Amino acid sequence: MAATLLDGNKIANEIRAEVAAEVRTLSAAGVRPGLAVILVGNNPASEIYVRGKVKSSEEVGIYSERLTPAENITTDELLELVLELNHREEIDGILVQLPLPPQVDSKKILMAVDPAKDVDGFHPVNVGFLSTQRSGLVPCTPAGIIEILKRSGIPIAGQEAVVVGRSDIVGKPVAMLLINGSKKILMAVDPAKDVDGFHPVNVGFLSTQRSGLVPCTPAGIIEILKRSGIPIAGQEAVVVGRSDIVGKPVAMLLINRNATVTVCHSKTRDLPGVCRRADILVAAIGRAGMITRDFVKPGATVIDVGMNKVTDPAEFQRLFAGNAKREETFRLKGSTLGGDVHPEVAEVAGAITPVPGGVGPLTIAMLMSNTVKAAKLRRGSRVPELSRA
Ligand code: NDP
């Protein structure tokens, strides 16, 4: 059977027509959106891209400006240009065409773009907004891929999606868009003091591998693996759960450490089958003993994040029958703390974290570590005696 052609030109035309209508409405209200495109030097491919972007802006009614500094521009000179554009009222979007010449510090330039004008969606603040599902600017190619799927009626929910590539520009953001569907958390805490590592700014720093505050439980999981000599690079890791607190950040940390990562959730088809592929299985679900032996490949490393208060006697029997110590606790207290992994998994796994006494203590240890890191990061070079290697 011949494949249906997903016509990018047709879909892009639909979107452009919708955008043009919005521009007309905004212009009638006295607001004409403006885009500044910075093209450094004479890279032929970049010139073609920029020409297309400027032409398209004109077609939809967006005011556009093309700035073309010479190939030998310095980082400081380019920074000055970006800062000037950040302050200009009639410029709503700033696009720095990549690649920049080798003498220019590209990361520094992209970080300098006002996140509110970062129409490429590459700034860590927008990366964090994307990951935590807040309103922000989403990178154009990943957003386009989702539009192609959506507008062609191709279902996403419950499907198995494989993304080959993990760049900040395509791979990671498209994976995040495909995973998304969880709840939101507060962002009032100053990111520099956010020792929980949940603020979108820190989420964006984590995703783009910059120095920031990493959520404690995911950071603790990596410490357990590293300090137990369990290899991560090249391993197949499966994370069950996609919360902003555990699932997503631990998936990102594992990707950044060169594992091949699958993220599962309540809409995943054949969960046991997917879990059985794992060399490293992380269970962050919140359902006592859900991961039974048939979810686990013999010899796999199993990290049990779950902390569930088990009070139902039948559930207690299913999980802990024959465990004298647990029976004693249950009789005395009427409850016991159980993980997401059934105790029988210890018979097939190569390594496993207990509950209690596994991930939990690491969460607290990493909170201590984050507090010291925050103290150092906030004071920068002012306290060199604090900076350990
Ligand atoms: P959330 O409730 O925010 O997320 C649970 C995730 O599990 C969701 O992504 C959900 O999918 C998925 N899930 C729920 N049911 C199923 C199912 N039947 N099949 C597949 N996936 C499912 O929980 P958290 O991430 O905050 O916490 C997870 C567990 O870890 C909890 O037990 C919590 O107490 C514990 N925890 C332990 C810590 C520690 O220090 N040890 C620290 C933090 C958490 P969907 O998104 O589709 O709803």
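Predicted model, so just to flag it, every value in this text is computed and none were measured.

This next bit is on the overall build of the protein chain. Of regular secondary structure, the protein chain possesses 14 helices and 10 strands. Taking the principal axes of the C-alpha coordinates as reference, the protein chain spans close to 75 × 65 × 40 Å. Residues counted as buried form 35% of the 389 residues belonging to the protein chain. Residue pairs at least 24 apart in sequence account for 66% of intrachain contacts in the protein chain once pairs closer than 6 positions are excluded.

A few words on the pairing of strand β3 (residues 93-96). Covered by surrounding structure in β3 are Gly-93 and Leu-95 together with Ile-94 and Val-96, the residues of both alternating faces. Bridge analysis of strand β1 (residues 34-38) against β3 gives 4 bridges, and the strand direction is parallel. Paired with Ile-38 across the strands is Val-96, a residue of β3.

Turning our attention to the site of the ligand. Close contacts around the ligand come from 27 residues, with Ser-243, His-265, Ser-266, Gly-286 and Thr-363 the closest. If you tally residues by element for the shell around the ligand, the top one is helix α14 (residues 359-379), at 3 residues. For the shell around the ligand, the per-class residue count stands at 10 nonpolar, 14 polar and 3 charged.

The next thing to look at is the sheet that holds strand β5 (residues 260-264). Spatially, β5-β4-β6-β7-β10 is the arrangement adopted by the 5 strands of the open sheet, whose pairing is parallel. Since the sheet does not close on itself, it has two edges, and those belong to β5 and β10 (351-352), each with one partner. Where strand β7 (residues 301-304) lies against β10, 2 bridges are found, and the strand directions are parallel. Each bridged residue has a counterpart across the sheet, and for Val-302 the counterpart in β10 is Ile-352.

Next up on the list: helix α7 (residues 171-179). Along α7, the residues classified as buried are Lys-172, Pro-173, Val-174, Ala-175, Met-176 and Leu-177. Looking at the buried positions of α7, the neighbouring elements they touch are α5 (124-131), α6 (140-151) and α8 (200-207).

Core analysis: the largest hydrophobic core is formed by 77 residues, its most contacted members being Ala-237, Val-239, Val-240, Leu-281, Val-282, Ala-283 and Val-302. Top contributing element to this core by residue count: helix α10 (residues 247-256), with 5 residues. Not counting residues up to four positions away in its chain, the partners in contact with Val-282 are Ile-221, Ala-237, Val-239, Val-240, Val-250, Ile-303 and Val-305.

What follows covers α10. Counting buried residues in α10 gives 8 out of 10 residues, a clear majority hidden from the surface. Buried within α10 are the following residues: Gly-247, Lys-248, Pro-249, Val-250, Ala-251, Met-252, Leu-253 and Leu-254. Just downstream of α10, Asn-258 is the residue with a positive phi angle, here 75 degrees.

A word on the sheet that holds β3. Ordered in space as β2-β1-β3, the 3 strands form an open sheet in which the pairing is parallel. Both outer strands of the open sheet, β2 (63-67) and β3, are each paired with one neighbouring strand and no more. With direction set aside, neighbouring strand axes in the sheet form an average angle of 15 degrees.

This next bit is on the domain arrangement of the protein chain. One can read the domain layout of the protein chain as domain 1 (31-120), domain 2 (123-210) and domain 3 (214-369). With centres defined by C-alpha atoms, the gap from domain 1 to domain 3 works out at 45 Å.

As a packed pair, helix α1 (residues 8-28) and helix α2 (residues 44-60) sit with axes 8 Å apart at the nearest point and diverge in direction by 55 degrees. Relative to α2, α1 is oriented oblique. Residues Arg-16, Val-19, Ala-20 and Val-23 of α1 lie in contact with α2, whose contacting residues are Ser-56, Glu-59 and Val-60. By residue class, the composition of the contact of α1 with α2 is 4 nonpolar, 1 polar and 2 charged.

So, about the packing of α5 against α8. The geometry of α5 relative to α8 is characterised by a closest axis approach of 7 Å and an angle of 100 degrees between their N-to-C directions. With respect to α8, the axis of α5 lies roughly perpendicular. The segment α5 lies against α8, with Pro-124, Val-125, Asn-126, Val-127, Gly-128, Phe-129 and Ser-131 engaging Pro-200, Val-201, Asn-202, Val-203, Gly-204, Phe-205 and Ser-207. Looking at the contact of α5 with α8, its residues break down into 8 nonpolar, 6 polar and no charged.

Definitions and cut-offs
Per chain, the residues get numbers from 1 upward, laid out in the order the sequence is written. For a predicted model such as this one, the threshold for reporting local features is a pLDDT of at least 70, and the threshold for listing and counting side-chain atom pairs is 80 or more; totals across whole chains, interfaces and linings nevertheless cover every residue. Helix and strand definitions follow DSSP, with helices as H or I runs of at least four residues and strands as E runs of at least two, each counted in order from the N terminus. Here exposure depends only on C-beta density: within 10 Å of a residue's C-beta, 20 or more other C-beta atoms make it buried, 12 or fewer make it exposed, and intermediate numbers make it partly exposed, the C-beta atoms being placed from the backbone. Contact definition: two residues whose C-beta atoms, as placed from backbone geometry, lie within 7 Å. By definition, two strands form a pair when at least two bridges between them are found by DSSP. Proximity of a residue to a molecule or strand is defined by its backbone-placed C-beta atom lying within 6 Å of that partner. Each residue gets one of three labels, nonpolar for Ala, Val, Leu, Ile, Met, Phe, Trp, Tyr, Cys and Pro, charged for Asp, Glu, Lys and Arg, and polar for the others, Gly among them. What makes a nonpolar core is a set of buried Ala, Val, Leu, Ile, Met, Phe, Trp, Tyr and Cys residues, with links drawn between C-beta atoms within 7 Å. To define axes, lines are fitted to C-alpha atoms, for helices over the stretch in contact only, and angles between the resulting N-to-C directions are given on a 0 to 180 degree scale. An automatic or database domain assignment supplies the start and end points of every domain. Throughout, the term roughly parallel applies to angles under 35 degrees, roughly antiparallel to angles over 145, roughly perpendicular to angles from 65 to 115, and oblique to all others.

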